[in-house]
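Take a look at the letters that make up each chain.
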Amino acid sequence: MFSLLRRMRRDERGQALVIGAVAMLVLAITVMASVSIGHGVHQKIKLQDAADAQAYSLAVKEARAYNFLAYTNRAMVVHYSAMLTFMSYVSHALYLDMTIGKLAGVAKYIPGIGAIFMAVQKVIKAWKQAVDGIARLLIPILSALNVALWLAQEAMMLGTLKDLLLAGGESTLTGTDPKARPGPSMSNGSALGAIMGKYNVNHSNLKNFLHIIDDGPRGSDKTFSLSDPTGLSKRARLMNQNDNKLSDPDMAKYRLLMGNLANGVRRQWTAEGKDVLLVGRKWKLHLCVPPVIQFRIDKVADSQIKSFDEEFEDNRRDQLYASDDIKIEWRMPCPYLGGSDKGWNEILKVNFRAAADKQGGFHQTYGTTKRDDHHTWEGITPFLMTDTSFVDPWHNHFSAACNVTILSKDMRTTPQPFHLDGLRTGKGFLKGASSGRNDDPAEGIVGGMLDITWNLAGGSGSQKAREFREETGGMMAMAVGRAIYHRPGDWKEEPNFFNPLWTARLAPAKTHWERDALSAFIEGWDAAENRFSDALNY
């Protein structure tokens, strides 16, 4: 019996098994911890990808809306230019009918060539009737198209507002990270919830999208209202003849800006005509009968959109105006030595006018008064434009619309792989000396406990960490999207809604979007900003 006990005491077989078991436990815990960390990093990457995708998709929607405004505004300008062109045809036809047509009417009685002049007279009268009839038909159609384009602009804006208000829908999130959910829950009234309530992300995104619009909210506005977010009701006043007074700055900006833009894209024929002797809109003819007399005939033309005050000629307001004028002068002797522009005496001046306006438009020729009811035109149609003022540019985003996406993911409710959530010791942890362990609540260390789940993410002793876990489930991601105006190359043009140069980009989190909110979201924001400012000042 004693010899058996002595042999067992001296027998060293099996000692490696104990060491191996301990080593395997350590190795298993290390592997599980590595896998858990990798899984957490993977989940955070997916959440961040979802936030980036959401922010970028919202920025794409904003840029698409701005570009749509630019295309439709350009289409309106083209329509106004087409209306002016046809009105120039009308005034030119009046000129041809009252000059060459009259001469042909007399010359048709000349034997031998009378038939030719008779044909010329008929062609001119047919041309006059054709362009006048087409203008009567085309101007209302193009005006209606411009109203339709304006309504399409408003529909695009309201649709984009809906997407921003609903954070772009769930398709982007579910396609990237099905577990992601927009923002903290804001259910327990904690500090983070109060911040999210004060700085409503969706409303701030709406404001940042709309402040670029001239009639939208200003970027410095502290509040935001959905009653008339785009300024639709203000623009609609332009359709009311009794409300769109030129003395009203809000109405004047629309009438004068669009009128000037349309005038700026006129072709030469429309604006002033071309040099074609006798039949053109612009030409000169000098005749000299030496040494007695010299004659000069000047033919000039003009077509433009004019905007008048409400007191002008019974409230005619905006007008599609075209004119063809001819002037005959003489001087003696020939050649005249006093200079090319001196000594002229006017013999005859004939004006030919055609206009379209709210009062029915008119024709006017030499020796007659304005004849109304020719071309009715409702005037400038409402449209959207940008506010390019750079007052307080940092707060006003330099006319770049920013939107913020904040996503969270609950990592606590569903069991996660390799989290070792059962390897804890006792129920009375955080009792320090009474439990015989080395606890450090300030550092979030709980002695005698092995727990690598998300239940203690950020530390067990931190009130801020507990609030963060309660609000987000342990994980949160933020991304900023931005719609910017960029012309490649030497870019000097201010952002506007007449060139479709808007594009979408992701922006750094440290952006000028609601600085107070970001400083509350991101711990250490103020310290980093102060250090950065000190470095710049140094």
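Everything here concerns the structure above.
Only a predicted model underlies this, so the values are computations on that prediction, with no experimental measurement involved.

Draft legend 1. Layout of the pattern of salt bridges. Taken as a whole and judged by the stated rule, the model has 23 salt bridges. Note that Asp97 is salt-bridged to Lys125, the shortest N-O span being 3.3 Å. Here Lys125 lies in helix α4 (residues 114–165) and Asp97 lies in helix α2 (residues 15–98), a separation of 28 residues in the sequence.

Draft legend 2. Structural context of a nonpolar patch on the surface. Together, Met24, Leu27, Val31 and Val35 make up an exposed nonpolar region whose accessible area comes to about 350 Å². Relative to the elements of secondary structure, Val35 occurs in helix α2. You can call Val35 partly exposed: its relative accessible area is 34%.

Draft legend 3. Representation of unusual backbone geometry within the structure. In this chain, Met332 is followed by Pro333 through a cis amide linkage whose omega measures -10°. Residue position: Pro333 is located in the loop between β4 (319–331) and β5 (345–356). Not every positive phi belongs to a glycine, and Leu278 is a case in point at roughly 75°. Along the chain, Leu278 falls in the loop between α10 (268–271) and β2 (283–289). The partly exposed category is assigned to Leu278, whose relative accessible area is 44%.

Draft legend 4. Looking closely at the sheet that holds strand β6 (residues 362–364). Spatially, β2-β3-β4-β5-β6-β7 is the arrangement adopted by the six strands of the open sheet, whose pairing is antiparallel. Unpaired on one side and paired on the other, β2 and β7 (371–372) mark the two borders of the sheet. As defined by bridge partners, β6 adjoins β7 across two bridges and the pair is classed as antiparallel. Bridge pairing in β7 links Phe362 to Asp372.

Definitions and cut-offs
Residues numbered from 1 in each chain as written. Predicted model: local features only at pLDDT ≥ 70, side-chain atom pairs only at ≥ 80, totals over all residues. Heavy atoms only, no water. Salt bridge = Lys/Arg side-chain N within 4 Å of Asp/Glu carboxyl O. Helix = DSSP H or I, 4+ residues; strand = E, 2+ residues; numbered from the N terminus. Patch = residues over 30% accessible without salt bridge, like charges linked within 9 Å, V, L, I, M, F, W, Y side chains within 5 Å. Areas by Shrake-Rupley, 256 points an atom, 1.4 Å probe, with all protein chains shown as cover. Buried < 20%, exposed > 50% of the residue type's maximum accessible area, 1.4 Å probe, protein only. Pairing = 2+ DSSP bridges.

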